[in-house]
Amino acid sequence: MSGSLAASGLSVRYETPHGSVHALRHVDIEAHPGEVIGIVGESGCGKSTLVTALANLLPANARIDGAIRYNGVDLAKLDAHRQRLLRGDEIALVGQDPMTAFNPVLTIGDQLIDFQHHRKDFSRAQKRARIAAMLGRVGIADAERRMRSYPHELSGGMRQRVAIAAALLTDPGLLIADEPTTALDVTMEAQIIHLLRELRREYNGIIIVVSHHLGVIAELCDRVYVMYAGEVVEGGEVDAIFHDPRHPYTQALLACDPARFHDRLDRLPTIPGSLPSLTQPPPGCVYAQRCGRAFAPCKTIAPPLVKLTACHAARCHAVTP
Amino acid sequence: MLAYAVKRIGLGLLILVLVMVAMYAAVFLVPGDPATVALGPRATPELKRLLIERMGLDQPVWWQIVEFFRNALTGNLGYDVWSNRPVSTLVLEALPNTLVLGLTALAVALLIGVPLGCLSVMRRGTAADAAIGVLSVGVIAVPSFVVAIYSLLLFAVTLRWLPAIGAGEAGDLFSQARALVMPAAAIALGWIGYIARMVRASMMEVMGEPHIRTARSFGLPEWKIVSKYALRIAIIPTISLVAVGLGSILSSAVFVEAVFARPGIGKLITDAVSTRNYPVVMGTVLIMTAIYVSITIAADLLIARLDPRVRDVFRG
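Residues numbered from 1 in each chain as written. Chains lettered and ligands numbered in written order. Predicted model: local features only at pLDDT ≥ 70, side-chain atom pairs only at ≥ 80, totals over all residues.

Caption draft 1: Inspection of the packing of helix α8 (residues 173–207) of chain B against helix α10 (residues 222–259) of chain B at higher detail. Residue and element names in this part refer to chain B. Where α8 contacts α10, the axes come no closer than 9 Å and their chain directions differ by 160°. If you check the angle between α8 and α10, you find them roughly antiparallel. Helix-helix and strand crossings are classified by hand; for α8 and α10 the assignment is right-handed. Along the contact surface, α8 presents P183, A186, I187, W191, Y194, I195, M198, V199, S202, M203, V206 and M207, while α10 presents A230, I233, A234, P237, T238, L241, G245, I249, S252, A253 and V256. A class-by-class count of the residues in the contact of α8 with α10 yields 19 nonpolar, four polar and no charged. (Axes fitted to C-alpha atoms, helices over the stretch in contact; angles between N-to-C directions. Helix = DSSP H or I, 4+ residues; strand = E, 2+ residues; numbered from the N terminus. Parallel < 35°, antiparallel > 145°, perpendicular 65-115°, else oblique. Left-handed = near helix turned anticlockwise from the far one by under 90°. Contact = placed C-beta atoms within 7 Å. Nonpolar A, V, L, I, M, F, W, Y, C, P; charged D, E, K, R; others polar.)

Listed below in structure tokens is the structure:
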């Protein structure tokens, strides 16, 4: 089963002893079956909070406002039990670090059988057969032996393949990959991207890929949301974002991508300044402090989301359709 | 794994030898003539000399140690100075009572302590968690002989529900079980607290690990995450604690056996020390050390069995 996903006006704050941290503010994103959505941004921009909210895995001190409609149901309003029933059934998550993602004292097979616990219609033997088939599909040779292995006996790349297999075994309508290649070396990264590209051809649910790596996003996604300081500052089709970025932050981010420079530079360009405080977000645009094009209203008035084309929008005072 | 086991057993034997050397040194250093203490000031010199010879105390200390181990290897632990019965027989008579007491106490403590610790983690931050915490610290703080004396007053003297002394009628399991309730509870109570605290602490740490998040992201029910994914890792420090703690369980058995006048190793060794019955002291200490060392080795092997990463370290 697969349906559309739409987060609207989604805000998440963490209550801490030092005050509220506004990790996510009025985020609007949407995704339709068969689409691959990219979420890109630097560390601390709220990418992980967004996917954690989508996967219903926010910690107890998180307060959520707004709606996450999936298949017509508002996930944010569901009670803990109903949320749990969706996890590992409709929604699956591939974590950031494959080295620590699996339980070290249980075999791969044992864990993958447990992860299919929603599928009461399969016997244990059928579940094992599905695992073996799925491990083969994600490129793991000798699946039967690997099922008897413990996680530490597998390499990082292999573990990430297993993590993807585990997520696919649940036939999710929404597959979230949170920085799926960040913890891997370059060769492994290329292999995992290749695997994800292969998978998207046969998969008809929604895939959300989170990364701070622009190359990963460009290779895998149909549409991209660029995040900065807890807000989505620009969103649109991959081509539009990469070739016609409109928000000054997106432009600066692309200008800093090391992959764009074929010659060795003495210094890579950087964006001067640092992220605004998430405890007391600025009243105006979150990027105003670092923006080269900021003018009077930017520091005081929050910019509206400006619709540029049917599916390209940017949150900036300086852009016009 | 096998090489590891052999190495551990070798080390264990070395510990046995060292303990016995220390024991002989202690006997050598204790002031006063054992024969005078044992026989009283009015004993004749011949009688004293006879006793010293029977205890082997006229030989040099190193020779006594060598003799002791040579005899021990053939199963001969020496003879009780007073009754002339073999020490091995005395120990074997007393040992089952103490082992039953210690193991029952330990089993009770684990069966109550581990679920309490898990419950604490599942209900973390709630009143139930706080109550378990306060209760645990409370029972840890009360020494087992205090529990023994008060439960004796309440259940044996006032309410007359349980027998006050002894280990029950020989051959009557029900009467033996009734006699076991209070001594075992007296020892177990504090350990329930220790184990609950230990399980809670290591479980809290494990619950913060990324693989628990993975299990959650697949919607596994919390009880399954706690009992299968977290407990298998969190129980490992508890196993080490319990293995080391068995020494203290057996030593608290000494007090508890005294309070309930229960035959056992504790009573055997206290009586032997007060009458300077050295062969009995030595034999008992050897057996207890051997048990203690074996339990520690067994615990380490069990940990290696539970954690495949530890297993591989020993294999490689």
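Caption draft 2: Molecular detail of unusual backbone geometry. Unusually for a residue other than glycine, H26(A) sits at a positive phi of about 30°. Tracing the backbone through its elements, the reader meets H26(A) in strand β2 (residues 19–31). In the Ramachandran plot, N84(B) falls in the positive-phi region, its phi being about 65° despite a non-glycine side chain. Positionally, N84(B) belongs in the loop between α4 (61–73) and α5 (87–122).

Caption draft 3: How the structure looks around the packing of helix α11 (residues 265–274) of chain B against helix α12 (residues 278–306) of chain B. All names here are of chain B. Axis separation between α11 and α12 bottoms out at 9 Å; the angle between their running directions is 145°. Viewed along their axes, α11 and α12 form a crossing whose handedness is left-handed. Between α11, through I265, L268, I269, A272 and V273, and α12, the contact on the second element is made entirely by V280, V281, T284 and M288. Residue classes in the contact of α11 with α12 are distributed as eight nonpolar, one polar and no charged.

Caption draft 4: Structural context of the environment of I207(A). All names here are of chain A. With respect to the helices and strands, I207 occurs in strand β8 (residues 206–211). A C-alpha to C-alpha distance of 9.3 Å links I207 and H32, two positions 175 residues apart in sequence. Sequence-distant contacts of I207, defined by excluding residues within four places in its chain, comprise V36, L175, A177 and R200.

Caption draft 5: Spotlight on the sheet that holds β2(A). Residue and element names in this part refer to chain A. Strands sit in the order β2-β1-β4-β5 across an open sheet of four strands; the sheet is antiparallel. With one partner strand each, in any of the chains shown, β2 and β5 (73–74) form the two edges of the open sheet. Relative to β5, strand β4 (residues 62–70) runs antiparallel, the two being bridged by two bridges. Directly across from Y70, in β5, lies its bridge partner V73. With respect to the sheet, helix α1 (residues 47–54) is in contact with β1 (5–16), β2 and β4, its orientation differing from that of β2 by roughly 70°. (Pairing = 2+ DSSP bridges.)

Caption draft 6: Representation of the sheet that holds strand β12 (residues 312–315) of chain A. All names here are of chain A. Spatially, β6-β7-β8-β3-β9-β10-β12-β11 is the arrangement adopted by the eight strands of the open sheet, whose pairing is mixed. Each edge of the open sheet is held by one strand with a lone partner, namely β6 (91–94) and β11 (305–309). Between one strand axis and the next, the sheet turns through 20° on average, direction left out of account. Where strand β7 (residues 174–178) and β8 come together, five bridges link them in parallel fashion. Its bridge partner lying in β8, L174 is registered against I206.

Caption draft 7: Spotlight on the interface of chain B and chain A. On the chain A side, the residues contacting the 17 residues of chain B number 23 residues. Mapped by element, the contributors of at least two residues to the side of chain B that touches chain A are α9 (210–217), α10 and α13 (308–315) of chain B. When residues of the side of chain B that touches chain A are assigned to their parent elements, the largest contribution, six residues, is made by α9(B). The residue makeup of the side of chain B that touches chain A, split by class, is seven nonpolar, four polar and six charged.

Caption draft 8: Quick look at the confidence of the model for chain B. Residue and element names in this part refer to chain B. On average, residues of chain B carry a pLDDT of 83, and 97% of them reach 70 or more. Put simply, α13 is where chain B has its lowest mean pLDDT, 69, and α9 is where it has its highest, 91. The ipTM value of the predicted complex is 0.86, and its pTM value is 0.77. (pLDDT = per-residue confidence, 0-100.)

Caption draft 9: Layout of the pairing of β7(A). Residues and elements named next belong to chain A. Burial runs high along β7: five of the five residues are buried. Here β7 shows no split at all, with L174, I176 and D178 on one side and L175 and A177 on the other all buried. Two strands pair when backbone bridges link them, and β6 and β7 are joined in this way by four bridges, in the parallel orientation. Across the sheet, I91 pairs through a bridge with L174, a residue of β7. Between β7 and its parallel partner β8, the chain crosses via helix α7 (residues 186–202), and the hand of that crossover is right-handed. (Buried ≥ 20, exposed ≤ 12 C-beta atoms within 10 Å, placed from the backbone. Right-handed = clockwise from strand over helix to strand, strands pointing away.)

Caption draft 10: Highlighting the pairing of β2(A). Residue and element names in this part refer to chain A. By the bridge criterion, nine bridges tie β1 to β2 in an arrangement that is antiparallel. Counted as the bridge partner of E15 is S20 from β2. The hairpin turn running from β1 into β2, its antiparallel successor, is two residues long.

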